[in-house]
Amino acid sequence: MHVIMENLPQVFSAYLVYLVAVISPGPATMAIASTSLGQGRRHGFTMAAGIFCGSMTWALAASAGLATVLTHYAHAVTVMRIIGGLYLLYLAWRAFRSAASKNDSIGQGPTGASHGRTFLRGYAIHLTNPKAIFAWLAILSLGLPAGATGVTVAVIVAGCLVTGFTVFMGYAWLLSLPGALRAYRSARRYIEGTLAVLFAAAGTKLLFQQ
């Protein structure tokens, strides 16, 4: 505990970097937005939970040193990048199809949708993004002093995960409020079209980045 107190500036720097990263627009926030607006609060929370668990998986992996392993095996990162890029293009196609549809029903979820499938979609979005583990590695490197103990690592990871959970769930709650749903209903095609473009851009960037 004494070591943690001595290095509080570093720990809080790691928290700040993670907060900025988690609130920045990206595939995860876009998925939470489209799910909360289009399928309602319960599915929004479920999507957020899946994304959070994906983030937690990478946090534990980074803490265990998996990032070092991936650094030495570039092919593993390449495969993950291709899978993630293709999945984002699939989400872009879904959003485009929704934008082209005349069906304006929201809040009930699509036919045959289940919370299990929604959770797995969120988990897959985060798990197939290789940038996530390197972001966690950067956060841990920033916050860990020389000779840091396991307790210090746990404090940084736990604080960041609490922040991530709060932000993800907060997005799902805010975007499923009646006002947000009314706004979505009036501009559904424009919103889904924009999401399709953003998902497609993110997926293409993952596929073709060096």
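The rules behind each value
Residues numbered from 1 in each chain as written. Predicted model: local features only at pLDDT ≥ 70, side-chain atom pairs only at ≥ 80, totals over all residues. Heavy atoms only, no water. Axes fitted to C-alpha atoms, helices over the stretch in contact; angles between N-to-C directions. Helix = DSSP H or I, 4+ residues; strand = E, 2+ residues; numbered from the N terminus. Left-handed = near helix turned anticlockwise from the far one by under 90°. Contact = heavy atoms within 4.5 Å. Nonpolar A, V, L, I, M, F, W, Y, C, P; charged D, E, K, R; others polar. pLDDT = per-residue confidence, 0-100. Core = buried A, V, L, I, M, F, W, Y, C linked by side-chain atoms within 4.5 Å. Buried < 20%, exposed > 50% of the residue type's maximum accessible area, 1.4 Å probe, protein only. Phe/Tyr/Trp six-rings, centres within 6.5 Å; stacked < 30°, edge-to-face > 60°.

Engineer: Explanation requested: the packing of helix H4 (residues 41-63) against helix H7 (residues 115-127) in the structure shown.
Structural biologist: Packed helices, taken two at a time, are described by their axes: the angle between them and the distance between them. In contact at an axis separation of 7 Å, H4 and H7 are set at 40° when each is read in the N-to-C sense. Note on packing geometry: the crossing formed by H4 with H7 is right-handed. Where H4 approaches H7, its residues Arg42, His43, Thr46, Met47, Ala49, Gly50, Ile51, Cys53, Gly54, Ser55, Thr57 and Trp58 are matched on the opposing element by His115, Thr118, Phe119, Arg121, Gly122, Tyr123, Ile125, His126 and Leu127. Of the residues that constitute the contact of H4 with H7, the class distribution is 9 nonpolar, 10 polar and 2 charged.

Engineer: For this particular structure, what's the right way to read the confidence of the model for the chain?
Structural biologist: Atom-level detail of predicted coordinates should not be read off regions where pLDDT is low. Averaged over every residue, the pLDDT of the chain is 76; residues scoring 70 or more account for 71%. Overall, residues 105-112 carries pLDDT values under 50, and its contacts beyond four positions in sequence, including any with other chains, amount to 13 contacts.

Engineer: Is there a simple way to explain the nonpolar core in this structure?
Structural biologist: For soluble globular proteins, nonpolar side chains are generally found buried alongside one another. The biggest cluster of nonpolar side chains holds 39 residues, and the ones touching the most others in it are Ile32, Ile51, Trp136, Phe168 and Phe199. Among the elements of the structure, helix H2 (8-23), helix H3 (27-39), H4, helix H6 (74-100), helix H8 (130-143), helix H9 (150-174) and helix H11 (188-208) are those that each provide at least two residues to this core. Ranked by residue count, the leading element in this core is H9, at 9 residues. Discounting residues that sit within four places of it in the chain, Phe168 has contacts with Val22, Ile32, Ala48, Ile51 and Phe52.

Engineer: What is the right way to look at the packing of aromatic side chains in this model?
Structural biologist: Aromatic ring pairs are described here by two measures, namely the spacing of the ring centres and the angle between the planes. Here the structure, examined in full by the defined rule, presents 2 aromatic pairs. Taking 5.2 Å as the distance between ring centres and 80° as the angle between the ring planes, the aromatic pair formed by Phe52 and Phe165 counts as edge-to-face. Of this pair, Phe52 sits in helix H4 while Phe165 sits in helix H9, and the two are 113 residues apart along the sequence. Both rings, one in Phe119 and one in Tyr123, keep their centres 6.4 Å apart while their planes meet at 10°; by these two values the pair is stacked. Pair noted here: Phe119 and Tyr123 are both in helix H7, with a separation of 4 residues, about one helical turn. Here Tyr123 falls in the partly exposed class, since its relative accessible area comes to 24%.

Engineer: Hey, could you run me through the side chain of Arg121 in this one?
Structural biologist: Position of Arg121 among the secondary structure elements: in helix H7. For Arg121, a relative accessible area of 16% corresponds to the buried category. In this view, Arg121 contacts Thr35, Gln39, Met47, Tyr87, Leu91 and Arg94; residues no more than four positions away in its chain are not counted.

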